[in-house]
Amino acid sequence: MVNLEKIDVFFSLNSFTEIELREKTSVVIDVLRASSSIVTALMNGADAIIPVADMGEASKIAMNVDSENYLLCGEKDGVMIDGYDLGNSPFEYTKEVVANKKLIFNTTNGTKAIKKTFGSSNVCVAAFLNVSAVVEFLKTQDTDIVLVCAGWKGRLAFEDILLAGNIIYKLSDGKLPEKARDGVRVAFTLYDTYKDNIAAIIHQSNHAERLKTLIGTDDIEYCCQTDITDVLPYLNEGMITLKNG
Ligand code: 3SL
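Quick notes on the rules
Residues numbered from 1 in each chain as written. Predicted model: local features only at pLDDT ≥ 70, side-chain atom pairs only at ≥ 80, totals over all residues. Heavy atoms only, no water. Helix = DSSP H or I, 4+ residues; strand = E, 2+ residues; numbered from the N terminus. Rg over C-alpha atoms; globule rule 2.2 N^0.38 Å. Buried < 20%, exposed > 50% of the residue type's maximum accessible area, 1.4 Å probe, protein only. Areas by Shrake-Rupley, 256 points an atom, 1.4 Å probe, with all protein chains shown as cover. Lys, Arg positive; Asp, Glu negative; His and termini not counted. Charge placed at Lys NZ, Arg CZ, Asp CG, Glu CD. Disulfide = S-S within 2.5 Å. Contact = heavy atoms within 4.5 Å. 1 Å grid on protein atoms, 1.4 Å probe; cavity = no way out; pocket = protein on both sides within 12 Å on 5 of 7 lines; lining within 4 Å. Points joined across faces, edges and corners; volume = space filled by probe spheres on them. Nonpolar A, V, L, I, M, F, W, Y, C, P; charged D, E, K, R; others polar.

## Comments concerning the overall build of the protein chain
Within the protein chain, the secondary structure is distributed over 10 helices and 10 strands. The C-alpha atoms of the protein chain give a radius of gyration of 17 Å, which matches the 18 Å a tight globule of 245 residues would have. Its C-alpha atoms give the protein chain principal-axis dimensions of about 55 × 40 × 30 Å. The buried share among the 245 residues of the protein chain stands at 54%. Of the roughly 10900 Å² of accessible surface on the protein chain, a fraction of 47% belongs to carbon and sulfur atoms. One way to put it: in the protein chain the 24 positive side-chain charges average out to a point 4 Å from where the 34 negative ones average out.

Here is the structure:
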């Protein structure tokens, strides 16, 4: 059973150091859109996702692998990078495109946050799309748990904290323990306030506004869906694959 007093929430990838994640289970959250694209890619049969911190790291890997089996994927500031095979819209990660492929994945915040968790005991990736699968996994963990919100360039992102709150709400059966940490209280309270209007409130977030001007609203609507899959993306030797997959 999870000890709810031992959960913490970090609100952006700049708000913690790697040392704070040692011997913990880290859950990386980037609702718009890296987490949602990772979940979708694995749901549609991608073999593995290799998160990278920047373009240099992505190119280095891409130069040394067989391009038949690997795709170079991601974005910078929401826009697909020149020369990449795919951007960061979950709609690009279809069965036809990603099945049996390894994806080198480079995004503005999400993959940088994942890289920072590499020293954790366990790392999984959460979206609204797979929230119940993440919660079931966390219930089996006896380590401390850290919910790592990727945010946007060091700032918090509303939708990431909302999902952190959803995870805590489910783990606590909707009852916040008295000694919960401040980050847990904030995330829980945010989710409790908006739980009946998730999609509507996410549409008003800063990153949703940014995306709307770039690509419209389809991706946002997709990423707001809850529990469309039970896939659990799990980090294993630098690659994210299906847990037990
Ligand atoms: O920051 C990230 O990792 C991305 O998910 C941002 S975007 O939605 O592709 O703009």
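Following the structure, the description resumes.
## Focus on the state of the cysteines
In a disulfide, the sulfur atoms of two cysteines are covalently bonded to one another. Counted by the stated rule, this structure contains zero disulfides. Among the cysteines around C149, which has no disulfide bond, C124 carries the closest sulfur, lying 13 Å off. Assessed through its relative accessible area of 0%, C149 is described here as buried. With no disulfide of its own, C224 lies 7.0 Å from the sulfur of C223, the closest cysteine sulfur. Note on C224: relative accessible area 9%, which makes it buried.

## Examining helix α5 (residues 131–139)
Three or more residues of α5 are buried, namely V131, A133, V134, V135, F137 and L138. The inward-facing, buried residues of α5 contact β2 (24–29), β7 (122–126), β8 (144–149), α6 (158–171) and β9 (233–236).

## Focus on empty space enclosed by the protein
If you roll a probe as big as a water molecule over the atoms, it shows you where there is empty space left. Counted according to the given criterion, the structure contains two cavities of 30 Å³ or more. Approximately 80 Å³ is the volume attributed to the largest cavity. Lining the largest cavity we find D30, L32, R33, E75, G78, N88, T107, T108, N109, W152, H207 and L211. By residue class, the composition of the lining of the largest cavity is three nonpolar, six polar and three charged. In terms of lining, the second largest cavity is formed by D30, L32, N109, G151, W152, A157, E159, D160 and H207.

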